[in-house]
Number of protein chains: 2
Amino acid sequence: MNPLDIPAYMAHVGVAARAAATAMARAGTREKNLALTELAARLRSHGPQLAQANAQDIAAAEAAGLAAPMVDRLRLTPKVIETVAEGCEQLAAMPDPIGEITGVKRRPTGISVGQMRVPLGVFGMIYESRPNVTIEAASLAIKSGNACVLRGGSEAIHSNLALWKLVQQALVAAGLPAEAVQLVETTDRAAVGRLIAMPEYVDVIIPRGGKGLIERISAEAKVPVIKHLDGNCHTYVDAQVDLAQALVVTDNAKTQKYSPCNATESLLVHEAVAAAFLPRIGALFAAKGVEMRCDAPSRAILAAVPGAQLVDAQESDWSEEYLAPIISIKQVGSLDEAIAHINRYGSHHTDAILTTNHPNAMRFLREVDSASVMVNASTRFADGFEYGLGAEIGISTDKFHARGPVGLEGLTSMKWVVLGQGEIRR
Amino acid sequence: MNPLDIPAYMAHVGVAARAAATAMARAGTREKNLALTELAARLRSHGPQLAQANAQDIAAAEAAGLAAPMVDRLRLTPKVIETVAEGCEQLAAMPDPIGEITGVKRRPTGISVGQMRVPLGVFGMIYESRPNVTIEAASLAIKSGNACVLRGGSEAIHSNLALWKLVQQALVAAGLPAEAVQLVETTDRAAVGRLIAMPEYVDVIIPRGGKGLIERISAEAKVPVIKHLDGNCHTYVDAQVDLAQALVVTDNAKTQKYSPCNATESLLVHEAVAAAFLPRIGALFAAKGVEMRCDAPSRAILAAVPGAQLVDAQESDWSEEYLAPIISIKQVGSLDEAIAHINRYGSHHTDAILTTNHPNAMRFLREVDSASVMVNASTRFADGFEYGLGAEIGISTDKFHARGPVGLEGLTSMKWVVLGQGEIRR
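Just so we're clear, the structure is a prediction, and the values are computed from it rather than from any experiment.

Thoughts on the sheet that holds strand β11 (residues 326-332) of chain A
Taken in spatial order, the 10 strands make up an open sheet running β10(A)-β9(A)-β11(A)-β8(A)-β7(A)-β12(A)-β13(A)-β16(B)-β2(B)-β1(B), and their pairing is mixed. Each edge of the sheet is formed by a strand with only one pairing partner; in this case those strands are β10 (310-312) of chain A together with β1 (101-106) of chain B. Strand after strand, the sheet turns through a mean of 25° between neighbouring axes, direction not considered. In this sheet, strand β2 (residues 112-119) of chain B lies alongside β1 of chain B in antiparallel orientation, the contact comprising four bridges.

Printed below as a string of structure tokens:
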């Protein structure tokens, strides 16, 4: 086969994935767990090989003049490798979701009706930079009994090929088909166009990357897409609040790391505590060089903070995902105003209330229409690993099918099971 | 507003639906149940008014020369009305799915993580003929805390308007917004084009109707579609089987009613019982005028049945949804062959095995990739009412989000809830 014949190559990949999916759906729990522990062991024992492959990508990225944060995303450090190896073991230790039958109830007709969890089939994963995603996707595919076709970024191709080799070895060592996890070996962009338009071979596409990429894939895909657009996350400091705790949590939500989608981008403060809270958080932000884009009332209070970088917020700031040391700040008159603001300007990703008032906490949980809603915790916790999913395949900002961090269950569907003794419909 | 300005009219409907959805998401269980019992009471007490409206549609349909089965689908008989009224009461008696928090687990970091069931928001429903769908959709919307926009067939417009009036009265009597259930009052087809392309107002579209309609809507919709394509359902008679029971169940699956999507369209018989089973089921089918499209081995056996209408099956017969007194019949050599045939030619709707062999029953349940898989029961049971869902909004032949009969849960999503005491991400 001509390696440049992309449609033929992708069809070949698709046929193999579909066949492997049938075998994976039938695979025993023991075999799937063995593949995961074999993979973890191989990740740990192949440090030098992985470092060598990764060095090629890093050197190429630096030679191409990639910005330092982009180069950092490529790095397969021992810590990154240990984290994904632990993720594999955590998945192996989890109950097998497949074949679980729940909610079986006897109906008046005599039949018993319940639901069985089964794999979706084949998922396609399109991602950039971070090569650890290769292992996260592969391990979730194995445990969930799916096959997958992975398309990583061209800048990480050597790292991804090295990781994929270990995945295939682990599958074979466990008696499972190597084709259950396939990596698109070409960096030709046309391969992505094919991957998202083969409903006969691929059941769902999971893109991870910039908003532009995801919007384009969603528009062009011929299969469902589990998509993650932006993360405009809010932290709301309520009128009744433990101020010292609110200070620590708000600081962590914004500054622990600026680039993740679950970092807080907008701070809402109830007017009853604005004068007490804003100068203290403002001083912390000023010390860390965080620019504050303020409405008029919060700016008036923050003006007294030495060294504060204050900017008048524009209407567009309320919708912005900065992914940078910038935060928008607004004073609100009530919980209702806070909820309405979040539902209007937020991206339905993750929003937190900091409060000691129980009814307000419950209303916030119920009424904020976001994938993750939190009480007295940092928005940075919105993550499959932190939620105990073992690993996450992505974060969905849709309401449909899977919402928020997507782990094993998001890669399955529930089919109906009817157990009878010869019943007929009257 | 000019009643012919469809975009303006539909935007008006959409804005009202979105606003009502917010109120419905917050609505108490008591209010939602009251609306349902009020609706049931009104359906029962307004028989004459409903009959009068329905008579207008029936007269128009007969005048237009609609075929008798089509006219029958339009009929709001007392039995149909009693069934939907009972459906409303059954829904009222069911637990409120909204606000349910499940799976809360403490994580090592100290946070507790669980999931809360919430409404999807606004669903659009596009359907034909049967006016009872108006009540089924409205009642499911009310219980699930969603708003909905209903677009019934023009042939049922008077019946639908009369039913809708009762729905709005019931909503208002329960203190809920009348706009939570809206009926598109124009029969202009352009309204459908708008309804499926307003992601700002409508979260999901549920079409019910012919395959052509559903394919067109799926292709053009700008929001997710819960779609039901065809129902090519199989009944497989295994080698070890209670022949008398298999006879009753197979007969029921095919002939109890020919038009529903869950009627069996294809019969697979293990060769070990073909000689014993086929002549008996063939005689039943012959007596009821059911045409049999056979492979060569089954035709050879059925040739001895007096009066049997036998036709040689073509390759296309294995994929056909007849919705008529026709059945395709094939002899298979093994359970594996039966499963492979169903997964290849079936429509992943509903398939049943009739067997006394437990391992075979379990393999069939696990390996047949259909929305409903059954053991020793008639495929005709694949129905939300029969499954205990109270009512069904449709049957999904997709694997994504909702699969098979879609009741309340298919109209909800699960958001993540994090309960902390000031935890931060390290």
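Thoughts on the pattern of salt bridges
Tallying each qualifying case throughout the model produces 47 salt bridges over all chains. Ionic pairing is found between lysine 399 of chain A and aspartate 369 of chain A, a salt bridge with its closest N-O pair at 3.2 Å. Note that lysine 399 of chain A is positioned in the loop between β14 (394-396) and β15 (404-406) and aspartate 369 of chain A in the loop between α14 (358-367) and β13 (372-377), a separation of 30 residues in sequence. For lysine 399 of chain A, a relative accessible area of 18% gives the class buried. Because the salt bridges share partners, they merge into one network encompassing Arg26 of chain A together with Asp336, Arg363 and Glu367 of chain B.

Describing the interface of chain B and chain A
Contacts between chain B and chain A engage 62 residues on the former and 62 residues on the latter. For the pair chain B and chain A, the summed buried surface comes to about 5,300 Å²; carbon and sulfur atoms form 58% of the total. At the junction of chain B and chain A, the tally comes to four salt bridges. The partner of arginine 26 of chain A in a salt bridge is glutamate 367 of chain B, and the shortest N-O contact between them spans 3.2 Å. Our enumeration of links across chain B and chain A arrives at 44 residue pairs in polar contact (both at pLDDT 80 or more). At the level of secondary structure, the elements contributing two or more residues to the side of chain B that touches chain A comprise β2, α10 (243-255), α14 (358-367), β13 (372-377), β15 (404-406) and β16 (412-423) of chain B. When residues of the side of chain B that touches chain A are assigned to their parent elements, the largest contribution, 11 residues, is made by β16 of chain B. Residues of the side of chain B that touches chain A, tallied by class, amount to 30 nonpolar, 18 polar and 14 charged. Summarising the sheet, β13 of chain A and β16 of chain B pair through five bridges and their orientation is parallel.

Some words on a nonpolar patch on the surface
Residue and element names in this part refer to chain A. On the surface, a cluster of nonpolar side chains totalling about 210 Å² of accessible area is made up of Ile101, Val104 and Leu419. Along the chain, the position of valine 104 falls in strand β1 (residues 101-106). With relative accessibility at 44%, the residue valine 104 sits in the partly exposed group.

Focus: the pairing of strand β6 (residues 204-207) of chain A
Residues and elements named next belong to chain A. Residues of β6 alternate between two faces, with Val204 and Ile206 on one and Ile205 and Pro207 on the opposite face, all of them buried. Taken together, the four bridges between strand β3 (residues 122-126) and β6 define a ladder with parallel strand orientation. Across the sheet, isoleucine 126 pairs through a bridge with proline 207, a residue of β6.

So, the packing of aromatic side chains
For any pair of aromatic rings, geometry is given as the distance between the ring centres together with the angle between the planes. All chains considered together, the criterion is met by two aromatic pairs over all chains. Ring plane angle 40° and centroid distance 5.0 Å describe the contact between tyrosine 387 of chain A and tryptophan 416 of chain B, whose orientation is recorded as tilted. Residue tyrosine 387 of chain A is located in the loop between β13 and β14, and its partner tryptophan 416 of chain B is located in strand β16; the two belong to separate chains. Judged by relative accessible area, tyrosine 387 of chain A falls into the buried class, the value being 5%.

Focus on the packing of helix α6 (residues 132-144) of chain B against helix α7 (residues 157-173) of chain B
All names here are of chain B. The N-to-C vectors of α6 and α7 enclose an angle of 20°; their axes lie 10 Å apart at closest approach. By the criterion of interaxial angle, the relationship of α6 to α7 is roughly parallel. The interaxial crossing formed by α6 with α7 has right-handed handedness. Note on element contacts: α7 touches α6 through Asn160, Leu163, Val167 and Leu171, opposite Thr134, Ile135, Ala138 and Ile142. Residue composition of the contact of α6 with α7, by class: six nonpolar, two polar and no charged.

Points about the UniProt feature "domain: Aldehyde dehydrogenase" (unreviewed entry) in chain A
Residue and element names in this part refer to chain A. Those residues carrying the UniProt feature "domain: Aldehyde dehydrogenase" (unreviewed entry) are residues 16-284 and 311-383 in this numbering. The distance separating the terminal C-alpha atoms of residues 16-284 is 55 Å; by composition the span is 52% helix and 16% strand. In the segment residues 311-383, helix accounts for 29% and strand for 27%; the C-alpha atoms at its two ends are 31 Å apart.

Quick look at the state of the cysteines
All names here are of chain B. Tallied over the entire structure, the rule returns zero disulfides over all chains. Cysteine 233 carries a free sulfur, and the closest cysteine sulfur to it, the one in cysteine 261, is 6.7 Å from it. The exposure class assigned to cysteine 233 is buried, which follows from its relative accessible area of 0%. Taking the relative accessible area as the measure of exposure, cysteine 261 reaches 16% and is therefore buried.

A closer look at the domain arrangement of chain A
It is common to give the size of an interface as the accessible area that goes away when the parts come together. All names here are of chain A. Taken domain by domain, chain A holds domain 1 (6-226 + 401-419) and domain 2 (233-381). Distance from the C-alpha centre of domain 1 to the C-alpha centre of domain 2: 35 Å. With four residues of domain 1 at the contact, the number on the domain 2 side is five residues. Across the interface of domain 1 and domain 2, roughly 290 Å² is buried in total on both sides, 39% from carbon and sulfur atoms. In terms of surface lost to domain 2, no three residues of domain 1 exceed Arg73, Arg403 and Gly404, which account for 81% of the buried area on that side.

Conventions and cut-offs
Residues numbered from 1 in each chain as written. Chains lettered and ligands numbered in written order. Predicted model: local features only at pLDDT ≥ 70, side-chain atom pairs only at ≥ 80, totals over all residues. Heavy atoms only, no water. Pairing = 2+ DSSP bridges. Helix = DSSP H or I, 4+ residues; strand = E, 2+ residues; numbered from the N terminus. Axes fitted to C-alpha atoms, helices over the stretch in contact; angles between N-to-C directions. Salt bridge = Lys/Arg side-chain N within 4 Å of Asp/Glu carboxyl O. Buried < 20%, exposed > 50% of the residue type's maximum accessible area, 1.4 Å probe, protein only. Contact = heavy atoms within 4.5 Å. Buried area = accessible area lost by both parts, 1.4 Å probe. Polar contact = N/O pair within 3.5 Å; in protein donor to acceptor, adjacent residues only side chain to side chain. Nonpolar A, V, L, I, M, F, W, Y, C, P; charged D, E, K, R; others polar. Patch = residues over 30% accessible without salt bridge, like charges linked within 9 Å, V, L, I, M, F, W, Y side chains within 5 Å. Areas by Shrake-Rupley, 256 points an atom, 1.4 Å probe, with all protein chains shown as cover. Phe/Tyr/Trp six-rings, centres within 6.5 Å; stacked < 30°, edge-to-face > 60°. Parallel < 35°, antiparallel > 145°, perpendicular 65-115°, else oblique. Left-handed = near helix turned anticlockwise from the far one by under 90°. UniProt positions renumbered as here; feature names shortened; annotations may be inferred. Disulfide = S-S within 2.5 Å. Domains from an automatic or database assignment.

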